[in-house]
Amino acid sequence: MPGAINSIIIVGGGLSGWMTALYLNHLYNQHKQAVEISLIDSSDAGIIGAGEASLSNIRFFFAAMGLDENELIRETNATLKSGILFKHWRQPIAGEEHQFFHPCDHIKLGPGLDIATQWLLTNRKQFERFDQGSSLSAHLMLRGQSPKTDSCHPYEGVVPYGYHFDATLMFRYLRKKAIAAGVKHIETKVTDIDCHAGNIESVETEYGRHKADYYLDCTGFKGVLIERLKKENWHSLSSQLPCNRAVTMQVAYEAGEQPRTFTQATALKYGWAWQIDLVNRRGTGYVYDGERISSLQAEQELTAHIGNQVKILGCQHVELKVGHRNEFWLGNCIALGLSGGFIDPLESTGLHLVHTGVRMLASHLSSNKVSPSVRDAYNSIMVREYQALSRFIRLHYYLTDRRDTSFWRQFKAHAGDEELARLLALWRYKVCEAEDIANTGTGVFSADEYRFVLYGMQYLPQLSLAYDETQVNQVFARLDSKVQHTLDNTIAHQDFLQALHDMPLQEIASLWSK
C-alpha cells in the first residue's frame, strides 16, 4: 500500500534547486514538519548566469512563497521587466532598422472585433507598430516608466511584469529563505549513486550516505542522477534551434545610463545578443551556433556589438545542451531545471520551466509509491511544455528575412518544420487565435503572445472584413486615453528603484564596482 512521503533529497543548488526546495517545503511543511526536505550541493558549484530575466508569471511563485517583494528586489539587484525589445531580426525597410516590443500585457477594449483584428483592418500600421497600438507596456517601456503606481500592492502593477535579477544573488536569497523555513542544507559533493531496479537507493557523499523516498535532479546539464537511471533519454532540438553556445559578460554602466524596463534581444551574424539591466550593472551575452563560429569569434563579435570602450566586469563561456528528456520522471527520480532540458533563452523561459516542473510535480507526487500512470502523465505534460515553448521560439527564427550569413539562410522556407509551416499557412489568412495552438503545454504563451511576434515580424494576415470605422476609431481613442492616463500615474522606473534602495542608482553601481 502506498504511504505518506517522508523524505525528499534534492541534489544540486543554484536557482532550480533552491526554487524547488522552497516550493516543496512550503507545500508539505507550511503548517507542520511532515516531510524532510534536504538539498545537497557543493559550495564550488558554478551558476550559469544566462537566466537573469523572467516571465511575468514568476511573481505568482514569489508571492505564494510569502517572499517580500521589496526585499527580494533589493537583495538581488533586480529591476522590473515589462517586455522584450527585438532588434534587427529582419532587414531594414527604407533605411529604418527593424524593431518591435513583445510586451507583457494584452489589451481588451470594447465590443465587436478584437483589437488585433481592428488594428490589422485599419491603416494604423502606416504610423505605428502593432505593439504600440495594442498594449500599454510598449508605451511604459519607451518612456522609462515602471508598471507600478503609488497605490500598487506588492506583486501588483497596472500591467503584468517580471524581473531582471542577478542569478547568483537570487539563488543565495532563495537559499537563505529555504534554510530559514526548515530545508536541510548538506554542503558536500555526491561521489556515487546506488541504483537498484530502476530506482535510486541512496546517494554517497564525501561525508556519508543519504537516503530518501524521492530524489530530485537539479545538477544542471550533467543530469547526474537521471543519467544513472537511463542513458538514452534525450530528445535533441538542435536541428530546429541551433544556438548551442553562449558567451556572457557583465558590463559597467556608462555615466548617465539608467536601467531599462525591458530585455533587449538583438540579432547578430550567428545568433542573437541579450541585454539585461540590473540596478548595478548590465548583463549581456551572445547565444550563437558553435558549429559556425568559434568562442573567440563570438566573444569578439559581442565586444564589437556592445562597444570596445565599455568596461567589462566579467566574461564566461557556456556550452548549451538544447533539448529535453523523453522521461523527466524515472523510478523515484525527477529531473528539474537544466537537468530536464533547455530551450533557447530568447523568451526568458528558464525559470518558468523550473516553476512548471515543480508545480506539476506537487500535484502528481501524492505518495511514496506512485503508479506508472501518474509518472507517464507528468512526463507527457513536461514534454508537451517543452515542445510548445520550442515552437514559439522557432517562430522568431523562421519569420526572419535576413540572408547575410549561412546561420540565417538555414531558416528559409521553414525547411523541415511541418508544424510551424502549417500554422504559418493558416495565419496568412486569419488572425492567430487560442484554438489554433490549443492542447499544447500550459499556455504560458497565448495567442496574444503569438500575435506580438507575428505582427512585429511583419507577418500580417490578409483580411477582408466589414467593420464600423466610427466604432473602431472610438476603440483606439479609448486606448490612447488609457495610455496617457497610465503614463501620468505610474512611477518612473528610476524613481521606483531609488526609493526602494534609498540611494541614487549611481551610488549603488559604484558600490558594486569596487
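Chemist: Can you tell me about the overall build of the chain, naming the residues and giving the values?
Modeler: Each helix and strand counted, the chain has 16 helices and 21 strands in total. Expected size for 514 residues packed as a compact globule is a radius of gyration near 24 Å; at 23 Å, the chain falls within 12% of this value. A principal-axis box enclosing the C-alpha atoms of the chain has dimensions of 70 × 55 × 50 Å. Expressed as a percentage of the 514 residues in the chain, the buried residues total 56%.

Chemist: I'd like to hear about the packing of aromatic side chains, residue by residue, with values.
Modeler: Enumeration over the complete set of coordinates arrives at 28 aromatic pairs. Ring geometry for Y161 against Y163: centres 5.8 Å apart, planes inclined by 85°, an arrangement best described as edge-to-face. By relative accessible area, which is 0% here, Y161 ends up buried. With 5.4 Å between their ring centres and 85° between their planes, Y398 and F411 make a pair best called edge-to-face. Here the residue Y398 occupies a position in helix α10 (residues 372-398), and F411 occupies one in the loop between α11 (406-409) and α12 (418-427), the gap between them amounting to 13 residues. Look at Y398 and you get buried, because its relative accessible area is 6%. Judged by its relative accessible area of 3%, F411 is buried. Linked through ring pairs, F86, W89, F100, Y397, Y398, F407, W408 and F411 together constitute an aromatic cluster. Cation over ring: R428 sits above Y459, and NZ or CZ is 4.1 Å from the ring centre.

Chemist: Go over the nonpolar core with me, naming the residues and quoting the values.
Modeler: Among the nonpolar cores identified, the biggest contains 143 residues, and I8, F62, W89, L174, Y397 and L454 are the most heavily contacted of them. Broken down by element, the residue count for this core peaks at 11 residues, all from α10. When near neighbours in sequence (up to four residues on either side) are disregarded, Y397 contacts W89, L241, C243, W272, D344, L346, F407, W408 and F411.

Chemist: Lay out the sheet that holds strand β8 (residues 190-196) in plain terms, naming residues and giving numbers.
Modeler: Across the sheet, which stays open at both edges, the 3 strands sit in the order β8-β9-β10 with antiparallel pairing between neighbours. Here the strands that pair on one side only, and so sit at the sheet edges, are β8 and β10 (208-210). Recorded for the sheet is a direction-independent mean angle of 25° between the axes of neighbouring strands. Across 6 bridges, the pairing between β8 and strand β9 (residues 199-205) is antiparallel. Looking at β9, one finds that D192 is bridged to E204.

Chemist: So what's going on with helix α1 (residues 14-29)? Which residues, and what values?
Modeler: Taking 1.5 Å of rise per residue, 16 residues should cover 22 Å, and α1 covers 22 Å from first to last C-alpha, within 8% of that figure. Where burial is concerned, most of α1 is hidden: 14 out of the 16 residues are buried.

Chemist: Talk me through the pairing of strand β15 (residues 271-277); I want residue IDs and the actual numbers.
Modeler: For β15, the tally of buried residues reaches 7 of 7 residues, placing the bulk of the element in the interior. One ladder, built from 4 bridges, connects strand β14 (residues 262-267) with β15; its direction is antiparallel. By the bridge assignment for β15, Q264 is matched with Q275. Count of turn residues in the β14/β15 antiparallel hairpin: 3 residues. Taken together, the 7 bridges between β15 and strand β16 (residues 282-288) define a ladder with antiparallel strand orientation. Paired with A273 across the strands is Y286, a residue of β16. Turn length for the β15-β16 hairpin, with the two strands adjacent in sequence and antiparallel, is 4 residues.

Conventions used here
- Residues numbered from 1 in each chain as written.
- Predicted model: local features only at pLDDT ≥ 70, side-chain atom pairs only at ≥ 80, totals over all residues.
- Heavy atoms only, no water.
- Helix = DSSP H or I, 4+ residues; strand = E, 2+ residues; numbered from the N terminus.
- Rg over C-alpha atoms; globule rule 2.2 N^0.38 Å.
- Buried < 20%, exposed > 50% of the residue type's maximum accessible area, 1.4 Å probe, protein only.
- Phe/Tyr/Trp six-rings, centres within 6.5 Å; stacked < 30°, edge-to-face > 60°.
- Lys NZ or Arg CZ within 6 Å of the ring centre and 35° of its normal.
- Core = buried A, V, L, I, M, F, W, Y, C linked by side-chain atoms within 4.5 Å.
- Contact = heavy atoms within 4.5 Å.
- Pairing = 2+ DSSP bridges.
- Axes fitted to C-alpha atoms, helices over the stretch in contact; angles between N-to-C directions.
- Expected span 1.5 Å × (residues − 1).

Scope: geometric values only; no functional claims are made or implied.
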